[in-house]
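# Structural features, examined
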Amino acid sequence: MMPSRRGAIGAVVAAAAGAAAIGYGGWRLFGRHYAPTTYDDLLTQLPDRDMAMPIGRAFLATHANFTTTQAAAALRARLHNRDLAAVSISEIARGELSVAGGWMMPATLLGLCALAARMQNRV
Amino acid sequence: MSFVDARQIPEGTELTPDLAIVGGGPAGITLALALARTPIKMLLLESGGMDFDPATQKLYAGDETGVRYIPLDATRLRYLGGSTNHWGGWSRPLDALDFEKRDWLPYSGWPFPREELEPYFPRAQQLIEAGSFLYDKLAHGELPGALLPLGPGGMYTSFFQFSQWRGNKEHLPTAFGHRYADDLKRIPNLQLMLHANVTGVRLAQDVRWVDHLDIATLSGRKFKVKPRHIVVACGGIENARLLLASNDAIAAGIGNQNDLVGRFFADHAIPRDTATLVVFGGEIAPFYKTNLDARGAHFRATISPTERFRRGRQLTGALITVEQRVELDGLGRAAVDTTSAVLGTGAGSAHAYSLGVGLELTPDPDRRLTLTTARDALGMPRLKLNMTISDHDLARYRISLIELGRQLLAGKSGMLKLQRSERAEWLQVMDWGNHHMGTTRMHDDPKQGVVDANLQVHGLANLFIAGSSVFPTYGASNPTLNLVALTLRLAEHIRGLFR
């Protein structure tokens, strides 16, 4: 069935609004939603929380002593007034890497992944 | 001169060459070629014929204990050309550090530095037919592709070159027997005898001189060779066997007064799929994955710890190679996408590869060959190998991998997954290089070595050993180029003895 003229115009308007929203950082309108946590200041540093969770789970599988509050405090100290990219680059230079499922990653990034996995477990 | 068949030599004959070369592998053939235009009357004794023969090969059978190793009659070949009849042609000179005594590496160090071998490398390179002698110089010229970008650190791209039998359309590595048969036949001062097995090295009464060699054929013929000088060049396993089995005058065997013959056996450990290398930008340059021709060399890249890194972290040699392309699983994809996003590179077209390695082992006196009560068809005692690999060696390699992973991240070019951690995991994927070394080690002190810096057996004026059995420390490089260079140096010494 052919779309009506009114329906076609509506679709174009909606698409334009979507594109504008994404362009102005409004991706949250269409992005994934997570239950609020007390660690959102940290978790928003991750490029993709869903992607981070399996890595975090692999890390937690070999780090039974991972304590959320302690880890979060350490991550806040490391990330204080700096973005994750900058912190990661200096960690790589200093060899501060951790391993999850064999994958070598900057320690803070992996800590955030573990935190994301732990928060997923709590929801 | 055409080759002689030992089975046609009359029983009880006594031959009296100036020099007997025992074994027609790369060392023995190199020695004969190097002494071709001298007045030295040479006799080269080869156990096998021109081609594989099961009955002769069976003389190599033995037992193994300890870590799983290749059966002793499958890890080498017993006919003219020796194990160059099945080698892969991988070549690389040892690093300067491999020759040094290192306090952190027990029993390490050669009696001379690498500079001592340098003059012999060009000719050795010609003999193995590996093209221009470039190796690490390949990194500094034009290549068909880019070097893997690594951040500053302890790992770098190095290069293997490959033996390639010139004129052979199948691009096989140089099999010394067939390749040099005609050259050997043209040497007027050489008699090359096939099917001649040396079953004993017999000492003079004062036990400071070899009087003669006992020769036997599988057809039952026996005779003697009474040379002025002898070079034993039967390979890294059989050299030790011949000395240990020649125990009529000295109960422990020739050169074994200090219980060193057969000890310190080494090979290169080659565990497979030790790590996954991911290149964020896509395909790695082809010379990491396969052998290519450029600038007069047939070559392939390897990733290796630098000398500085090895010193600083007390590492033995490791030559990492790209094995094959692999697919990332869900976790791998998540790790790659997350890490590359944080580094601001993206990895939409990332390629992943498994990494293998050739690992140097720490010298270990308990990794050794001993005689058993079983005997072969010629009545020679058979061997037993006790194979070991220490957790320390595996841990050292892991340090190199971790550094490589760090440098990939630092270069924003990729990342690494470590595949093995437990010993059982490593042993499950363990292969070996068939590079037999160390069993008649070289050292100036007779208490620490079987031969001296001139490869003369300590205490025996006319007996020399050639081949990688004399390597006291092994490096990660394949031994053939190096043992050929060392044999050329020995040839110069022997030439001096006859002046």
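Quantities reported herein were computed from a predicted structural model and do not represent experimental measurements.

In this assembly, 22 residues from chain A lie in contact with 22 residues from chain B. Looking at side-chain class alone, the side of chain A that touches chain B contains 17 nonpolar, 4 polar and 1 charged residues.

Residues and elements named next belong to chain B. Remark: helix H3 (residues 121–128) packs on helix H11 (residues 479–497), axes separated minimally by 8 Å, with the N-to-C direction vectors making an angle of 125 degrees. By the angle class used here, H3 and H11 are oblique. Considering only the axes of H3 and H11, their crossing is right-handed. For the pair H3 and H11, contact is made by Phe121, Arg123, Ala124, Gln125, Leu127 and Ile128 and by Thr480, Leu481, Val484, Ala485 and Leu488, respectively. Of the residues belonging to the contact of H3 with H11, the class tally is 8 nonpolar, 2 polar and 1 charged.

Residue and element names in this part refer to chain B. Judged by pairing direction, the sheet is mixed, and its 4 strands sit side by side in the order E2-E11-E10-E9 without closing on themselves. The sheet is open, and its two borders are formed by strand E2 (14–15) and strand E9 (197–203), each paired with just one other strand. As defined by bridge partners, E2 adjoins strand E11 (residues 222–225) across 2 bridges and the pair is classed as parallel. Each residue of the ladder has a partner; that of glutamate 14, found in E11, is lysine 224.

On to the confidence of the model for chain B. Of all residues in chain B, 99% attain a pLDDT of 70 or more, and the chain-wide mean is 97. Confidence estimates for the predicted assembly give a pTM of 0.93 and an ipTM of 0.92.

On to the pairing of E11(B). Put simply, side chains in a regular strand alternate between the two faces of the sheet. Residues and elements named next belong to chain B. With 4 bridges joining them, strand E10 (residues 210–216) and E11 adopt antiparallel strand pairing. Bridged to isoleucine 215 within E11 is phenylalanine 223. Taken together, E10 and the strand that follows it, E11, pair antiparallel across an intervening segment of 5 residues, in which glycine 220 is found at a positive phi of about 105 degrees.

Turning next to the environment of Val279(B). Residues and elements named next belong to chain B. Note that valine 279 resides in strand E13 (residues 275–279). Between the alpha carbons of valine 279 and arginine 310 there is a distance of 25 Å; along the sequence they are 31 residues apart. Every residue in contact with valine 279, bar those within four places of it in the chain, is listed here: Ile284, Ala350, His351, Ser413 and Gly414.

Let us now look at the confidence of the model for chain A. Low pLDDT marks regions whose predicted coordinates should not be analysed in detail. Residues at a pLDDT of 70 or more form 72% of chain A, whose mean pLDDT is 83. Predicted confidence for residues 16–29 of chain A stays below pLDDT 50, and this span has 4 contacts to residues more than four positions away or in other chains.

Leaving glycine aside, a negative phi is the common case for residues, and trans is the common case for peptide bonds. Residues and elements named next belong to chain B. We note that histidine 195 has phi near 65 degrees; this positive angle belongs to a residue other than glycine. Structurally, histidine 195 can be placed in the loop between strand E8 (190–194) and E9. Judged by local crowding, histidine 195 falls into the buried class, with 25 C-beta atoms found within 10 Å. Of note, the phi angle at arginine 295 is positive, near 50 degrees, even though the residue is not glycine. Among the structural elements, arginine 295 can be located in the loop between strand E14 (292–294) and strand E15 (297–305).

Analysis parameters
- Residues numbered from 1 in each chain as written.
- Chains lettered and ligands numbered in written order.
- Predicted model: local features only at pLDDT ≥ 70, side-chain atom pairs only at ≥ 80, totals over all residues.
- Contact = placed C-beta atoms within 7 Å.
- Nonpolar A, V, L, I, M, F, W, Y, C, P; charged D, E, K, R; others polar.
- Axes fitted to C-alpha atoms, helices over the stretch in contact; angles between N-to-C directions.
- Helix = DSSP H or I, 4+ residues; strand = E, 2+ residues; numbered from the N terminus.
- Parallel < 35°, antiparallel > 145°, perpendicular 65-115°, else oblique.
- Left-handed = near helix turned anticlockwise from the far one by under 90°.
- Pairing = 2+ DSSP bridges.
- pLDDT = per-residue confidence, 0-100.
- Buried ≥ 20, exposed ≤ 12 C-beta atoms within 10 Å, placed from the backbone.

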